[in-house]
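# A structural walkthrough
Here's the letter readout for the chains.
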Amino acid sequence: MAQPHRAKTAGYGVIIAGGGYAGSTLALALTKLGPQGFRVALIDTAARLPNAETFADPRGLALSAASKSLLDTLGLWRALAPHAQTIESIEVTDSPLNASLRSHFLGFDEEMTADAPRACLVEAGKLLRVISDAVGSQPAIDVFAPDSIDRYESNAFGVSVHLESGGTLQAPLLVAADGKRSSLRERAGIKCIGWSYPQVGIVATVAHERPHHGRAVQHFLPAGPFAILPLKGDRSSIVWTEEKTQGDALMAGSDEAFTAELMRRFGHRLGRVSLEGPKQSFPLAFQLARSFVGDRLALIGDAAHVVHPLAGQGLNIGLRDVAALTETIVDALRLGLDTGSATTLERYQRWRRFDSAFSGTVMDGLNRLFSNDSAPLRAIRDLGLGLVDRAPGLKRFLVREAAGATGDVPRLMKGEAL
Ligand SMILES: Cc1cc2nc3c(=O)[nH]c(=O)nc-3n(C[C@H](O)[C@H](O)[C@H](O)COP(=O)(O)OP(=O)(O)OC[C@H]3O[C@@H](n4cnc5c(N)ncnc54)[C@H](O)[C@@H]3O)c2cc1C
């Protein structure tokens, strides 16, 4: 395992602040796929990197086929595969909570053939474990944790980062992967556009009596979408979007009361359900940085964008940033260009900002369209879902879109070498 490095002044290819999913994956991609001798400094305020025993994140994360390709190229998929449940089919319903029958409006069954790119579900803690283990055994990554950036300055030649713990790190480029409240983004004076939702996202793992057969279900309920996502075994991960006051009351109540509400939403198909671990509630927001780049600075992951979790795309979009930034940096190095120059960073920004804004706006629109109890709106959206259900070409496109296989896909997400 790499131990925190305490040199007084050290030079790196890239310095990354934030060793979560996006930051650690970028560190691995650059050290595995960059030129020989390329070193990365990874700084995180949390002590967990890289030696933590457990990662307390009760979420199930839906990973697109494109994200799987990236993890596979980095040699991470082999360790993750035994824990990953493929999504075999998807069902979408739209009804009030007390409806006696949940009509099926949209389904993806035949479109999800064996050769179609399919998403899968992994437990967040398992994913972070695999990523962190890989970081710990990569000698080209120096981990500084727990630590943070006291200040940094940039000039025409590079950026100097002064750590809280003392010592100075230097590199041509600094990457902010420090999550949605990114302090680096703030220090760089980059503002965000966005808003908070009057909803919370409650997540938990549940066990159930009957098998799910890989079926993911999205119930659009008036308070917000309620997703049942299949995990390995007779277990599922739920993402329960609920109006905030109601959500806070659910979190404060007993597990019995919570499970009773769960059963009302699950129906009887999976039999009796029970909580398998702690539940956790997340505030929900849409947020997009006005710029994904600054002076010798690039933003990735939630530091750059936060989207509504209804389609499980947040990290997938963040991993696209990782793949695009890795490709941009490796290409620049091959051409002998400055990896932190405005020209190099502009390529990354052009590639990622519009794509992220588009995905975030689609999630926001879907949440607004479905999270209400308006009868005329329900009639219109159900007509829309019914029409999509009868359009096989459009459904195939939607499956490819969810798989991350549309648009300008970075090479690492298509399983291609750099
Ligand atoms: C309810 C819910 C369900 C979701 N489900 C899905 C899903 O199914 N699929 C999907 O793709 N996405 C999903 N997401 C989104 C996904 O969780 C996020 O997009 C992802 O966690 C972002 O990863 P990140 O590495 O950018 O940020 P984070 O995971 O927030 O990591 C940030 C890291 O930076 C560190 N840090 C913070 N401040 C500093 C600092 N000043 N200096 C140094 N380090 C710092 C933190 O310790 C942390 O390690 C979901 C989100 C929610 C809320």
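These remarks concern the structure in this document. (Residues numbered from 1 in each chain as written. Predicted model: local features only at pLDDT ≥ 70, side-chain atom pairs only at ≥ 80, totals over all residues. Heavy atoms only, no water.)

### A closer look at the overall build of the protein
Filter applied, for reference: Helix numbers and strand numbers start at the N terminus; a helix is a DSSP run of H or I with at least 4 residues, a strand a run of E with at least 2. Accessible area is worked out with a 1.4 Å probe on protein chains only. A residue is then buried under 20% of its type maximum, exposed over 50%, and partly exposed in between. The criterion used for residue contact is that any of the two residues' heavy atoms lie within 4.5 Å. Areas reported as accessible are Shrake-Rupley estimates using a 1.4 Å probe. Residue values count occlusion only from the protein chains shown.
Secondary structure summary: the protein contains 11 helices and 22 strands in total. The burial tally for the protein puts 55% of its 418 residues in the buried class. Considering only contacts in the protein between residues 6 or more positions apart, those separated by 24 or more positions represent 75%. Carbon and sulfur atoms provide 56% of the accessible area of the protein, an area that totals close to 17,600 Å².

### Looking at the pairing of strand β4 (residues 60-63)
This is how it is decided: Two strands make a pair as long as DSSP finds a minimum of two bridges between them.
Burial along β4 is two-sided: Gly60 and Ala62 and Leu61 and Leu63, pointing in opposite directions, are all buried. Across four bridges, the pairing between β4 and strand β8 (residues 120-123) is antiparallel. Each residue of the ladder has a partner; that of Leu61, found in β8, is Val122.

### Considering helix α7 (residues 255-266)
Note the threshold: In a helix, the anticipated span is given by 1.5 Å times the number of residues less one. Each C-beta atom gives one direction from the helix axis, and the arc is the one those directions make.
The end-to-end C-alpha distance of α7 is 16 Å, a good match for the 16 Å that 12 residues give at a rise of 1.5 Å each. Taken together, the buried positions of α7 are occupied by Phe258, Thr259, Glu261, Leu262, Arg265 and Phe266. All buried residues of α7 fall inside an arc of 160° around its axis, so they share one side. Buried positions along α7 lie against β14 (192-208), β15 (215-221), β16 (224-231), β17 (235-243), α6 (244-252) and β18 (273-275). One or two positions beyond α7, positive phi appears at Gly267, with a value near 70°.

### With respect to the sheet that holds strand β21 (residues 297-299)
In space, the six strands of this open sheet follow the order β9-β3-β2-β13-β21-β20, with mixed pairing throughout. Each edge of the open sheet carries a strand with a single partner, namely β9 (141-144) and β20 (293-294). Here strand β3 (residues 40-43) pairs with β9 via four bridges, running parallel. Within the sheet, the bridge partner assigned to Leu42 lies in β9 and is Val143.

### A few points about the nonpolar core
Applied cut-off: Residues belong to one nonpolar core when they are buried, are Ala, Val, Leu, Ile, Met, Phe, Trp, Tyr or Cys, and are joined through side-chain atoms within 4.5 Å.
Within the largest apolar cluster, 81 residues are counted, with the highest numbers of intra-cluster contacts made by Val161 and Leu169. Setting aside residues no more than four positions away along its own chain, Leu169 makes contact with Ala10, Tyr12, Ile15, Ala41, Ile43, Phe144, Val159, Ser160, Val161 and Leu163. In terms of nonpolar packing, the next biggest core, distinct from the first, is built from 16 residues, Ile202, Ile238, Leu250 and Phe266 among them.

### Brief notes about a nonpolar patch on the surface
Defined as follows: Patch building starts from residues that exceed 30% relative accessible area and form no salt bridge, then joins like charges within 9 Å and nonpolar side chains (Val, Leu, Ile, Met, Phe, Trp, Tyr) within 5 Å. Any carboxyl oxygen of Asp or Glu that lies within 4 Å of a side-chain nitrogen of Lys or Arg is treated as forming a salt bridge with it.
Together, Phe354, Phe358, Val362 and Leu366 make up an exposed nonpolar region whose accessible area comes to about 380 Å². Its place among the elements puts Val362 in helix α9 (residues 342-370).

### Considering the environment of Arg350
Note that Arg350 resides in helix α9. Here the alpha-carbon distance between Arg350 and Phe292, two residues 58 residues apart in the chain, equals 9.0 Å.

### Some points on the sheet that holds strand β1 (residues 9-11)
Rule in force here: Note on definitions: angles span 0 to 180 degrees between N-to-C directions of axes, and those axes are lines fitted to C-alpha atoms, for helices only across the stretch in contact.
Read across the open sheet, the four strands follow the order β1-β12-β11-β10; overall the sheet is mixed. The open sheet has two edge strands, β1 and β10 (149-154), and neither has a second partner. For this sheet, the mean angle separating the axes of adjacent strands, direction not counted, is 20°. Pairing between strand β11 (residues 159-163) and strand β12 (residues 168-171): four bridges, direction antiparallel. Note that in β12 the partner of Val159 across the bridge is Ala171.

### With respect to unusual backbone geometry
That bond from Ala145 to Pro146 is cis: its omega, 0°, falls within 30 degrees of zero. Note on placement: Pro146 falls in the loop between β9 and β10. You will see that His213, though not glycine, has its phi angle at about 55°, which is positive. For His213, the position within the fold is in the loop between β14 and β15. Residue classification places His213 among the exposed positions, given a relative accessible area of 64%. Phi angles above zero are rare outside glycine, and Arg296 is one such case at about 55°. The exposure class assigned to Arg296 is buried, which follows from its relative accessible area of 6%.

### Description of the environment of Leu63
Inspection of the secondary structure assignment puts Leu63 in strand β4. The spacing of Leu63 and Gly312 is 249 residues in sequence and 7.9 Å in space, taken between C-alpha atoms. If we ignore the near neighbours within four places in the chain, the residues touching Leu63 are Lys68, Leu71, Trp77, Leu80, Ala119, Cys120, Val122, Leu315, Asn316 and Leu319.

### Overview of the environment of Ser237
Going by this rule: Contacts described as polar in this section are N or O atom pairs within 3.5 Å, which, within protein, must combine one atom able to donate a hydrogen with one able to accept it, while residues neighboring in sequence count only if both atoms come from side chains.
With respect to the helices and strands, Ser237 occurs in strand β17. A relative accessible area of 0% means that Ser237 is categorised as buried. Excluding residues that lie within four positions of it along the chain, Ser237 makes contacts with Arg59, Gly60, Ala204, Thr205, Ala227, Ile228, Leu229 and Leu231. A polar side-chain atom of Ser237 sits 3.2 Å from the main-chain amide nitrogen of Gly60.

### Here's the deal with the side chain of Lys279
Positionally, Lys279 belongs in the loop between β18 and β19 (280-289). Relative accessible area serves as the criterion here: at 17%, Lys279 is assigned to the buried category. At a separation of 2.7 Å, a polar atom in the side chain of Lys279 contacts the side chain of Asp255. Excluding residues that lie within four positions of it along the chain, Lys279 makes contacts with Val203, Ala204, Leu250, Met251, Gly253, Asp255 and Phe258.

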